[in-house]
Amino acid sequence: MRPIALLIVSLLLTASFGHAAEQPGQQDSGKEVNGPCAACHGEFGQGGKRGEYPRIAGQRPAYLEQQLRNFRSRQRMNLPMFPYTQERELSDADIKAVAAYLAAIELPTKPPDFKDTDDALTRLLAMEKVMIIPRLEGNLENGKRSYDENCAHCHGKTGRGINRFPMLVGQYTNYLQRQIDIYLKGERLHDAVADEEEEDSKAKPVDKPKPIKKGILDRLTEKDINDILAHITHLQDATP
Ligand code: HEC
Ligand code: HEC
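Because the structure is predicted, anything quoted here is derived from the model rather than measured.

A word on the coordination of the iron atom of ligand 1
All of the protein donors around the iron atom of ligand 1 are H41 (NE2) and M81 (SD); their distances to the metal are 2.0 Å. Classification of the site at the iron atom of ligand 1 as octahedral follows from its six donor atoms and the range of 84 to 179° in their angles at the metal. With H41 in helix α2 (residues 26–41) and M81 in the loop between α3 (61–72) and α4 (92–103), the pair connects residues that are 40 residues apart, well separated along the chain. Take H41: its relative accessible area is 10%, and that puts it in the buried class.

Section: the site of ligand 1
Neighbouring residues of ligand 1: 21 residues in total, closest C37, C40, H41, Y63 and M81. One nitrogen or oxygen atom from the side chain of Y175 is found 3.0 Å from an oxygen atom belonging to ligand 1. Here R178 contributes a side-chain N or O atom positioned 3.1 Å from an oxygen atom of ligand 1. Of all elements in the fold, only α2, α3 and α8 (173–184) reach the threshold of two or more residues within the shell around ligand 1. Of the residues in the shell around ligand 1, the class split is 14 nonpolar, three polar and four charged.

A closer look at the site of ligand 2
Neighbouring ligand 2 are 24 residues; C151, C154, H155, Y175 and H190 lie closest to it. In the environment of ligand 2, an oxygen atom lies 2.9 Å from a nitrogen or oxygen atom belonging to the side chain of Q67. A distance of 2.8 Å separates a nitrogen atom of ligand 2 from a polar side-chain atom of H155. Within the residue set of the shell around ligand 2, elements represented by two or more residues are α3, α7 (152–155), α8 and α9 (191–201). Per element, the largest residue contribution to the shell around ligand 2 is five residues, and it comes from α8.

Regarding the nonpolar core
Where a protein is soluble and globular, its nonpolar side chains tend to be buried together. Ranked by internal contacts, the top residues of the largest apolar core, which has 34 residues, are L102, Y147 and I232. Counting residues per element, the ones that place at least two in this core are α3, α4, α8 and α10 (222–235). Among the domains, domain 1 (24–109) and domain 2 (140–201 + 210–235) are the pair contributing at least three residues each to this core. Setting aside its immediate chain neighbours within four residues, L102 contacts N34, G45, I56, A57, G58 and L64.

Criteria and thresholds
- Residues numbered from 1 in each chain as written.
- Chains lettered and ligands numbered in written order.
- Predicted model: local features only at pLDDT ≥ 70, side-chain atom pairs only at ≥ 80, totals over all residues.
- Heavy atoms only, no water.
- Donors = N, O, S within 2.8 Å, 3.2 Å for Na, K, Ca; no water.
- Tetrahedral: all angles 85-135°; square planar, octahedral: opposite > 155°, others 65-115°.
- Helix = DSSP H or I, 4+ residues; strand = E, 2+ residues; numbered from the N terminus.
- Buried < 20%, exposed > 50% of the residue type's maximum accessible area, 1.4 Å probe, protein only.
- Near = heavy atom within 4 Å.
- Polar contact = N/O pair within 3.5 Å; in protein donor to acceptor, adjacent residues only side chain to side chain.
- Nonpolar A, V, L, I, M, F, W, Y, C, P; charged D, E, K, R; others polar.
- Core = buried A, V, L, I, M, F, W, Y, C linked by side-chain atoms within 4.5 Å.
- Domains from an automatic or database assignment.
- Contact = heavy atoms within 4.5 Å.

This is the structure we're talking about:
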């Protein structure tokens, strides 16, 4: 083994032993479940291949759980994800543990201030954890207005999500665009799910006709969507 490989192996060993000794329970089992996931989503849930694998660190736990159940039941179809969510691989308890583990990871959004004495490996390991989405160009004024009007009451004014409504800020733009295309094709349900639950919880007059379910995303132009995505990439520095 070359010296650098040895160094990495010994670092990994001390890191994992140190952690196991420190905190037993759900945190550990979540980390364990995340083992095979890290091959695609990264060791810190930071995502990979420039958005082919979405960022899942820091995402809302209720949303993560729901999506994992949706993949498992094939309500959300994705070939790479499917085998990892099958019953024998991912029980309900595992889903809870891994969602809690991932949700608790806080990725920095700014590169750290390196000291002159930091070596290349320290820098590399630190940069892997940083989540910086390149800015997308667009009409930011229109993007902010459309976002505040159409998206903020579920995804939050700063894009960090609310309860089981997912965080959008800090997510790869091409992943978000791909999901919007999937929603528009009707292969994933967007706000119709939310609407139905909201309606169930409110006593509505019976004579009122049910509105035809065309979602929020269907009402926007391609340009509006681009501007909204541009706005989201500019929200990442805003204080949560
Ligand atoms: C072989 C690669 C691969 C592995 C391994 C993998 N995933 Fe994924 N995962 C993906 C891809 C690709 C997507 C995006 C799917 C899409 O575009 O709809 C995804 C999407 C997700 C999402 C949805 C994110 C969102 O914002 O909606 C979650 C949550 C997730 N994965 C969690 C996991 C967990 C937990 C594991 C381990 C049990 C795992 N993944 C293992 C490839 C993988
Ligand atoms: C009524 C509530 C509501 C509103 C308003 C809303 N969303 Fe969503 N959004 C949701 C829900 C619920 C999900 C998760 C649905 C699912 O299970 O696929 C979601 C998921 C998404 C996702 C996928 C996230 C991921 O990680 O895969 C994107 C992208 C998105 N919304 C964009 C938007 C945009 C852009 C707007 C404004 C034009 C918007 N949403 C307005 C409820 C809402």
